[in-house]
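# Survey of secondary and tertiary structure
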Amino acid sequence: MSEGIGSGGLFIAFEGGEGAGKSTHLRRLTERLERAGIAHLLVREPGGTPAGERIRRIVLDRDLSICPETELLLYLASRAEFVKRVVKPALERGELVLADRYEMSTYAYQGIARGLGLERVRKLNEFATGGLKPDGTVLLALDPDVGRERQRGQADRLESEHADFHRAVARAYTVLAESEPGVVTIASDGPTVEVQERLWLALSERWPDRFPPAG
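### What about the overall build of the protein chain?
The helix and strand inventory of the protein chain stands at 8 helices and 5 strands. For the protein chain, whose C-alpha radius of gyration is 16 Å, the value lies close to the compact-globule estimate of 17 Å for 215 residues. In the protein chain, buried positions account for 48% of the 215 residues. Of the contacts formed within the protein chain by residues at least 6 apart in sequence, a portion of 76% connects residues at least 24 apart. On the protein chain, roughly 10,500 Å² of surface is accessible, and the fraction owed to carbon and sulfur atoms is 50%.

Next up, the structure:
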């Protein structure tokens with residue numbers, strides 16, 4: 001766990017299929033943390049570093065056709081930079097790190113839905129991350145067909161995948177949530193305000209010093 005890296009560092013990853021509301025809820029979460037005066041760092045994957053942002057443009061480019069193996073290695077290349085240059089230093093400083101996607105995305109999308117093999121992907125991911133695990137993972141769960149209806153603007157390469165692929169990703173997340181340690185599943189349907197309250201409550205129950213209970 002990352003809490004052993006520094007003095008009080010905490011690393012939480014947020015996961016979910018397309019349209020599950022990760023970006024929206026992370027933005028609201030950080031606004032609430034700011035109002036409470038709690039220092040934090042919000043990062044995203046792929047991305048978070050100059051090299052990672054360039055890789056992000058490639059891997060999400062809807063005009064490119066990329067084989068699953070290339071897709072996986074691009075994500076892991078971005079993650080290696082992300083962990084070494086952003087996450088580990090922040091944890092060593094004792095910071096709260098909130099990540100928009102991390103390793104569970106790779107397990108769900110490439111390991112299971114793409115059929116590359118979960119155990120093979122785990123080993124490659126461990127090499128890329130140096131074995132760094134999040135202290136907790138929040139899965140925003142939503143029916144994939146509903147999630148696709150929520151999407152706005154031009155879809156990227158992953159968002160443009162066919163419905164069966166997104167359903168496979170959702171099934172993969174369900175399986176992983178039951179087998180991976182430290183996963184909290186939050187139903188992401190319903191009004192945004194209600195989902196946000198469910199999210200904050202779950203976080204405050206587990207880490208009350210970082211996410212103070214309401215009232």
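From this point on, the discussion continues.
### Examining the side chain of Asp156
As for its placement among the helices and strands, Asp156 is situated in the loop between α6 (144-150) and α7 (163-179). No salt bridge is formed by the buried Asp156, whose closest oppositely charged neighbour, Arg56, lies at an N-O distance of 5.9 Å. Here Leu158 takes part through its backbone nitrogen, which lies 3.0 Å from a polar atom of the side chain of Asp156. Setting aside chain neighbours within four positions, we find Asp156 in contact with Leu60 and Arg62.

### Thoughts on the nonpolar core
If you look at the biggest cluster of nonpolar residues, it comprises 24 residues, and the most contacted ones within it are Ala108, Tyr109, Leu158, Val169 and Tyr173. A per-element tally of this core places α7 first, with 6 residues. When neighbours within four sequence positions are excluded, Leu158 is seen to be in contact with Glu18, Val59, Leu60, Glu71, Tyr75, Tyr109, Arg114, Phe165 and His166. The next biggest cluster of nonpolar side chains, apart from the first, holds 21 residues, and it includes Leu29, Leu33, Val195 and Ala202.

### Section: the confidence of the model for the protein chain
Mean pLDDT over the protein chain: 93, with 96% of residues reaching 70 or higher. Contacts for the low-pLDDT stretch residues 1-6, under 50 throughout, to residues beyond four places or in other chains number 19 contacts.

### Let's talk about the pairing of strand β3 (residues 96-100)
Looking down a regular strand, the side chains alternate between one sheet face and the other. Burial analysis of β3 places 5 of its 5 residues in the buried class, the great majority of the element. Burial along β3 is two-sided: the face carrying Leu96, Leu98 and Asp100 and the face carrying Val97 and Ala99 are both buried. Strand direction decides the pairing type here: strand β1 (residues 10-15) and β3, joined by 5 bridges, are parallel. Bridge pairing in β3 links Phe14 to Asp100. Looking at chain direction, strand β2 (residues 41-44) and β3 are connected through 4 bridges and run parallel. Residue pairing in the sheet places Val43 in a bridge with Ala99 of β3.

The rules behind each value
- Residues numbered from 1 in each chain as written.
- Predicted model: local features only at pLDDT ≥ 70, side-chain atom pairs only at ≥ 80, totals over all residues.
- Heavy atoms only, no water.
- Helix = DSSP H or I, 4+ residues; strand = E, 2+ residues; numbered from the N terminus.
- Rg over C-alpha atoms; globule rule 2.2 N^0.38 Å.
- Buried < 20%, exposed > 50% of the residue type's maximum accessible area, 1.4 Å probe, protein only.
- Contact = heavy atoms within 4.5 Å.
- Areas by Shrake-Rupley, 256 points an atom, 1.4 Å probe, with all protein chains shown as cover.
- Lys, Arg positive; Asp, Glu negative; His and termini not counted.
- Salt bridge = Lys/Arg side-chain N within 4 Å of Asp/Glu carboxyl O.
- Polar contact = N/O pair within 3.5 Å; in protein donor to acceptor, adjacent residues only side chain to side chain.
- Core = buried A, V, L, I, M, F, W, Y, C linked by side-chain atoms within 4.5 Å.
- pLDDT = per-residue confidence, 0-100.
- Pairing = 2+ DSSP bridges.

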